[in-house]
Amino acid sequence: MADMTEERSHEDICRGYFQLGELEIQVGETQTIIPQQRTHCACAYLFKLVDGELVLAAFPEESGGFTSRRSRDGGHTWRDAPVWPTWCAYQFPDGELIQVHSHFLTDTDQEGVYETVLDRSMDNGYSYQRETVQLIGVPTLAPEINKPGRPRYVDHSIVALRDGSLLAGALAKFASDRQPKERSFVVRSTDRGRTWHYVSTVAFDLTPGDARRLDGFGEPSLQTLPNGEILCFMRSGGTSDGKHWPLYMSRSNDDGKTWSHADPIADRGVFPTSCLMSNGVLVVSYGRPGDWLAFSLDMGHTWIGHFCLRQGPQHTDCSYYDAVAEVAPDTLLVAYGCTDHNDSWQAELLGTFITVKRS
């Protein structure tokens, strides 16, 4: 469980340094990476390719994908790059890159089979071949039209399991669910993303109303650990008027077949993204309201140092969708959108370097 009383405010961050037991945190330079643009979602997406190159992407208002920039020097300098298709990506050690789109899962004429879109690249994401892929053995999903704003799609992480197969998070409402809330589940591929098979539900919520969780469990973000365990971070709610519900986490030690009880690890959290640093520190970014980070020294069993990196105006549609990656030993890059104070449809993408050391 998290100690959610251990919070650091924006004022702490402005001082540039603080210490939590054996953890030393130094906040460094902030730079504008993608200039201000009109967007319906002030989100940041950060992906580290197998050759170490960074891709930072933002979602423009009219798009067949994400505006992106790339860096070969750990995020210090950036250059324009081709459109990045979506935020659910995995790159195999041999360089083949796949990205599953956040298109709604479409029905087929086969029971338990749904389809979505995948882009495959053999040149580090400079060109793609598009495929239709199937999810097989999925319990019957509720039609999306029955609850506007309750989507069903493969969400924003794909990880490799110990046997080399892939596990991806997805969210939807099952037809059997009596409450209009999302559930998070996982699907597995043994053929490099061409087909996916339902494995298990991570968490679901049949509690009436929104007193405990507005959305149920959604936006699942997976993180593998050195011992083979898998963590799944999940949003439970967060609205544009500042109301928020906890960020949850569940753990699997059998490749996603079963999951622990989902427990809250922060008092809020949309679009969680995690990073396991080379020094053994586990980091999760989350938001709304504010752009937040938290740290774990014991592989996610306890969490410390919750702090708000930035507070700012709320975007018209959605905001505080953040990303984090280790760009050098003991060094993180945190990326986040910054909405214009005078025009809530405009946002730029910022990146802040943070040094995290174990003393």
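Residues numbered from 1 in each chain as written. Predicted model: local features only at pLDDT ≥ 70, side-chain atom pairs only at ≥ 80, totals over all residues. Heavy atoms only, no water.

Enquirer: Quick question: what am I supposed to make of the overall build of the protein here?
Expert: On a plain count of helices and strands, the protein comes out with 1 helix and 28 strands. Reported as C-alpha extents along the three principal axes, the dimensions of the protein are approximately 60 × 45 × 45 Å. For the protein, with 359 residues in total, the buried portion stands at 58%. For the protein, long-range pairs separated by at least 24 residues make up 53% of all intrachain contacts whose partners lie at least 6 apart in sequence. Of the accessible surface of the protein, which amounts to about 14,300 Å², a share of 49% is contributed by carbon and sulfur atoms. The centroid of the 32 positive side-chain charges in the protein is displaced by 3 Å from the centroid of its 48 negative side-chain charges. (Helix = DSSP H or I, 4+ residues; strand = E, 2+ residues; numbered from the N terminus. Buried < 20%, exposed > 50% of the residue type's maximum accessible area, 1.4 Å probe, protein only. Contact = heavy atoms within 4.5 Å. Areas by Shrake-Rupley, 256 points an atom, 1.4 Å probe, with all protein chains shown as cover. Lys, Arg positive; Asp, Glu negative; His and termini not counted. Charge placed at Lys NZ, Arg CZ, Asp CG, Glu CD.)

Enquirer: Please clarify how the sheet that holds strand β20 (residues 263–266) should be interpreted in this entry.
Expert: Strands in a sheet are paired, the pairing made by backbone hydrogen bonds, and the direction either parallel or antiparallel. The strand order across the open sheet built from 4 strands is β17-β18-β19-β20, with neighbouring strands paired in antiparallel fashion. In the strand order of this sheet, the two ends are held by β17 (218–224) and β20, each with one partner. Neighbour to neighbour, the strand axes of the sheet diverge by 35 degrees on average, direction disregarded. For β17 and strand β18 (residues 230–235), the ladder comprises 5 bridges, and the chain directions are antiparallel. Among the inter-strand pairings, T224 is bridged to a residue of β18, identified as I230. (Pairing = 2+ DSSP bridges. Axes fitted to C-alpha atoms, helices over the stretch in contact; angles between N-to-C directions.)

Enquirer: Looking at this structure, how should I read the packing of aromatic side chains?
Expert: Each aromatic ring pair is summarised here by two numbers: the centre-to-centre distance and the angle between the ring planes. Under the criterion given, the structure shown has 16 aromatic pairs. Judged by centre distance (6.5 Å) and plane angle (10 degrees), the rings of Y45 and F47 are stacked. Overall, the relative accessible area of 11% leaves F47 in the buried class. Judged by centre distance (5.7 Å) and plane angle (65 degrees), the rings of F66 and W87 are edge-to-face. Of this pair, F66 sits in strand β6 (residues 66–71) while W87 sits in the loop between β7 (79–84) and β8 (89–91), and the two are 21 residues apart along the sequence. Neither residue differs from the other here; F66 and W87 are each classed as buried. By the ring-pair criterion, three or more aromatic residues cluster together here, those being F59, F66, W87, F271 and Y321. One residue, R192, lies across the ring of F92, its end atom 3.9 Å from the ring centre. (Phe/Tyr/Trp six-rings, centres within 6.5 Å; stacked < 30°, edge-to-face > 60°. Lys NZ or Arg CZ within 6 Å of the ring centre and 35° of its normal.)

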